[in-house]
Amino acid sequence: MDELDRHIINDLQGGFPVSERPFLDAAARLNTTESELITRIRCMLDDGLLTRFGPLFHAERMGGALSLCAMKVPKERFDEVAEQVNSFPEVAHNYQREHAMNMWFVLATETAAQLETVLGEIEACTCIKVFNLPKEEEFYVGLNLQV
Amino acid sequence: MSGLTCRCSMSEADTSQDPTCADLDRRLVLATQAGLPLHARPYHWLATELCVTPEQVMERINTMLEDGRIRRIGVLPNHYRLGYVANGMSVWDVPDEDVAEAGRQVGKLDIVSHCYQRPRYLPEWPYNLFAMVHGHSRTEVMDKVADVAQMLGERVRAHEILFSTRILKKSGMRIGG
């Protein structure tokens, strides 16, 4: 990762232009060329330095439903339950955390009703209560990590 | 060119109700949720894919940016790969009457990526404010959470940090096809 890569990461987390030649317009801001910018983004995606490049959608405003869910999974069943939970395509990500509530996952569905259905299915499939923790208020979403 | 027109683009009406726009918006989401094509003219490339004009694509994307359906367009860094390997979910029990102000203060901090109010489940789960804190080490995250605790002062009845120990799944959001 060199100076230009850092510059791209720091300055292109938002504001990518909507225009005929957006890479050309963005490259001008970053003091590079259109083709170099495309190449750098592709390389950083391939290397895993970038998770993705493109529009970041607001699930609820798209009409979808999103919730953070937590479970207290007995240690001896953890891997089995992780596999059961992950098998639901509606589970977008899932983290093990150090706490009695040790499994935390995000459910994303196209409608609120589907969210309830999937929650019920996960409980039925694992025989473990799912704590549904939908956001009631959003104070901030974003991350402007500087490198 | 395709005969598909986006009627709502010509009016101030509520565009979300227009079936033509809603359909195009949905197809745009499907076409870009894995990312924007790395072509010199990415919106033109999408237009060809979706059999609409580049102007329609750009108009719909601008509309979604304006109404907040698209938060932003850009690169999403992998914070683990950038050295932010410690990720602590800080959870706070703050009186309901203080949570909005506390959330606004915590959400302003650079090291916080998400800050939400969520429901409690008493007695198992007393926490109503969540803030994801990122750092280069657990110590750094703990120091930052201590700063947050000091800032919130007596409004904090209890707080904890839940460190992640394993990513079990990370597929990103997807809507069906």
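Definitions and limits used
Residues numbered from 1 in each chain as written. Chains lettered and ligands numbered in written order. Predicted model: local features only at pLDDT ≥ 70, side-chain atom pairs only at ≥ 80, totals over all residues. Helix = DSSP H or I, 4+ residues; strand = E, 2+ residues; numbered from the N terminus. Rg over C-alpha atoms; globule rule 2.2 N^0.38 Å. Contact = placed C-beta atoms within 7 Å. Buried ≥ 20, exposed ≤ 12 C-beta atoms within 10 Å, placed from the backbone. Pairing = 2+ DSSP bridges. Axes fitted to C-alpha atoms, helices over the stretch in contact; angles between N-to-C directions. Domains from an automatic or database assignment. Nonpolar A, V, L, I, M, F, W, Y, C, P; charged D, E, K, R; others polar. Arc of directions from axis to C-beta. Core = buried A, V, L, I, M, F, W, Y, C linked by C-beta atoms within 7 Å.

### Topic: the overall build of chain A
Right, so step 1: Counting its secondary structure elements, chain A contains 5 helices and 6 strands.
Right, so step 2: For chain A, the α and β elements follow one another from N to C terminus as α-α-α-β-β-α-β-β-α-β-β.
Right, so step 3: The globule rule puts the C-alpha radius of gyration for 147 residues at 15 Å, and the 20 Å found for chain A is more than 25% above it.
Right, so step 4: Across its three principal directions, the C-alpha atoms of chain A cover 55 × 35 × 25 Å.
Right, so step 5: The long-range share in chain A, meaning contacts at least 24 apart out of those at least 6 apart in sequence, stands at 51%.

### Overview of the overall build of chain B
Right, so step 1: Looking only at helices and strands, chain B features 5 helices and 5 strands.
Right, so step 2: The linear arrangement of helices and strands in chain B, starting from the amino end, is α-α-α-β-β-α-β-β-α-β.
Right, so step 3: Taking all 177 residues of chain B together, the buried fraction comes to 34%.
Right, so step 4: Expressed as a percentage of contacts within chain B between residues at least 6 apart in sequence, the contacts between residues at least 24 apart total 56%.

### Some details on the sheet that holds strand β4 (residues 103–109) of chain A
Right, so step 1: With antiparallel pairing, 9 strands are arranged side by side in an open sheet as β5(A)-β2(A)-β4(A)-β3(A)-β5(B)-β2(B)-β4(B)-β3(B)-β6(A). The outermost strands of the open sheet, each flanked by one partner alone, are β5 (131–133) and β6 (137–141) of chain A. Shown here is a sheet whose adjacent strand axes are inclined to one another by a mean of 25°, direction ignored.
Right, so step 2: Strand direction decides the pairing type here: strand β3 (residues 91–97) of chain A and β4(A), joined by 5 bridges, are antiparallel. Paired with His93(A) across the strands is Val106(A), a residue of β4(A).

### Topic: the domain arrangement of chain B
Right, so step 1: Here chain B is described as being made up of domain 1 (7–66) and domain 2 (86–163).
Right, so step 2: For domain 1 of chain B and domain 2 of chain B, the distance between their C-alpha centres works out to 38 Å.

### What to know about the interface of chain A and chain B
Right, so step 1: Taken together, the contacts link 60 residues of chain A with 62 residues of chain B.
Right, so step 2: Elements supplying a minimum of two residues to the side of chain A that touches chain B: α1 (3–11), α2 (22–29), α3 (34–47), β1 (50–57), α4 (78–86), β3, β5 and β6 of chain A.
Right, so step 3: Tallied by class, residues from the side of chain A that touches chain B come to 32 nonpolar, 15 polar and 13 charged.
Right, so step 4: Pairing geometry for β1(A) and strand β1 (residues 70–77) of chain B, over 7 bridges, is antiparallel. The partner of Phe53(A) across the bridge, within β1(B), is Val75(B).

### Some thoughts on α2(A)
Residue and element names in this part refer to chain A.
Right, so step 1: Residues of α2 that are buried: Pro22, Phe23 and Ala26. Projection of α2 onto a plane perpendicular to its axis shows the buried side chains occupying an angular sector of 95°, all on one side.
Right, so step 2: Among the residues trailing α2, asparagine 31 stands out with phi positive, at a value near 55°.

### Describing the nonpolar core
Right, so step 1: Of all hydrophobic cores here, the largest spans 29 residues; its most connected members are Ile41(A), Leu50(A), Leu28(B), Val57(B) and Val75(B).
Right, so step 2: Mapped by element, the contributors of at least two residues to this core are α1, α2, α3 and β1 of chain A together with α1 (19–32), α2 (42–50), α3 (54–66) and β1 of chain B.
Right, so step 3: Ranked by residue count, the leading element in this core is α1(B), at 4 residues.
Right, so step 4: Not counting the four nearest positions on each side in its chain, Val57(B) is found in contact with Leu28(B), Tyr43(B), Leu46(B), Ala47(B) and Val52(B).
Right, so step 5: Counting residues in each nonpolar core, the second largest holds 23 residues, with Tyr116(B), Phe130(B), Val133(B) and Leu162(B) among its members.

### Some details on the domain arrangement of chain A
Right, so step 1: When its domains are assigned, chain A resolves into domain 1 (3–47) and domain 2 (65–133).
Right, so step 2: Centre-to-centre separation of domain 1 of chain A and domain 2 of chain A, based on C-alpha positions: 37 Å.

### Quick look at the pairing of strand β2 (residues 65–71) of chain A
All names here are of chain A.
Right, so step 1: Counting buried positions along β2 yields 5 of 7 residues, so the element is predominantly enclosed.
Right, so step 2: Bridge count between β2 and β4: 7 bridges; the pairing is antiparallel. By the bridge assignment for β4, leucine 66 is matched with alanine 108.
Right, so step 3: Bridge count for β2 against β5 is 3 bridges, and the pairing is antiparallel. By the bridge assignment, cysteine 69 is partnered in β5 with asparagine 132.

### A look at the pairing of strand β2 (residues 86–93) of chain B
Sheet faces and side chains relate simply in a regular strand, where the side chains alternate between the two faces.
All names here are of chain B.
Right, so step 1: Of all 8 residues in β2, 7 are buried; the element is thus mostly enclosed.
Right, so step 2: Relative to strand β4 (residues 129–135), β2 runs antiparallel, the two being bridged by 7 bridges. Looking at β4, one finds that asparagine 87 is bridged to histidine 134.

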